[in-house]
Amino acid sequence: MIHFVRDLRAKLRAQLSGRESGVIGKADYSPVEGRVRGLLEIVRRELPVDGPDLPPQAGWPLVGPALIARRSGTLESILELQPLGRSTDPLILVRSLYDHAVTFA
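Residues numbered from 1 in each chain as written. Predicted model: local features only at pLDDT ≥ 70, side-chain atom pairs only at ≥ 80, totals over all residues. Heavy atoms only, no water.

1. Overview of the nonpolar core
As a rule of thumb, soluble globular proteins bury nonpolar side chains together. Core analysis: the biggest nonpolar cluster contains six residues, these being Val36, Leu40, Leu75, Ile78, Leu79 and Leu97. Breaking this core down by element, the ones donating at least two residues are helix H2 (31–46) and helix H3 (60–81). Among the elements that line this core, the one with the most residues is H3, at three residues. If near-sequence neighbours (up to four positions away) are discounted, Ile78 is found in contact with Pro90, Leu93, Val94 and Leu97. (Core = buried A, V, L, I, M, F, W, Y, C linked by side-chain atoms within 4.5 Å. Buried < 20%, exposed > 50% of the residue type's maximum accessible area, 1.4 Å probe, protein only. Helix = DSSP H or I, 4+ residues; strand = E, 2+ residues; numbered from the N terminus. Contact = heavy atoms within 4.5 Å.)

Next comes the structure, spelled out in structure tokens:
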């Protein structure tokens, strides 16, 4: 399971840096939106996962993918709210993403 989390983290980093090809999406997306959609495609391909039975103190291999799945749902919500012109709601969700990144970094 730890190897899965490391592999997923490497794929996400490659996507954010623009090194991974073929998952960006349609050409009419802005570069940032294209990368976000690419990230979401990676998450959809890789999750959900079945984890081994672990003792409670070794829970991070299960929590890590759960947090990634949760935050990808937040990203999807941001993408859906932006075209509606509801600027405050996506900003609140961006703050939530930021808080999770800082807390679990």
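2. Some points on the packing of H3 against helix H4 (residues 88–104)
The contact between H3 and H4 brings their axes to 9 Å, and the two run at 160°. Put simply, H3 runs roughly antiparallel to H4. Read as a crossing pair, H3 and H4 show a hand that is left-handed. Along its contact with H3, which presents Trp60, Leu67, Arg71, Thr74, Leu75, Ser77, Ile78 and Leu81, the element H4 presents Asp89, Pro90, Leu93, Val94, Ser96, Leu97, His100 and Phe104. A per-class count over the contact of H3 with H4 returns 10 nonpolar, four polar and two charged. (Axes fitted to C-alpha atoms, helices over the stretch in contact; angles between N-to-C directions. Parallel < 35°, antiparallel > 145°, perpendicular 65-115°, else oblique. Left-handed = near helix turned anticlockwise from the far one by under 90°. Nonpolar A, V, L, I, M, F, W, Y, C, P; charged D, E, K, R; others polar.)

That is the geometry; function is a separate question.
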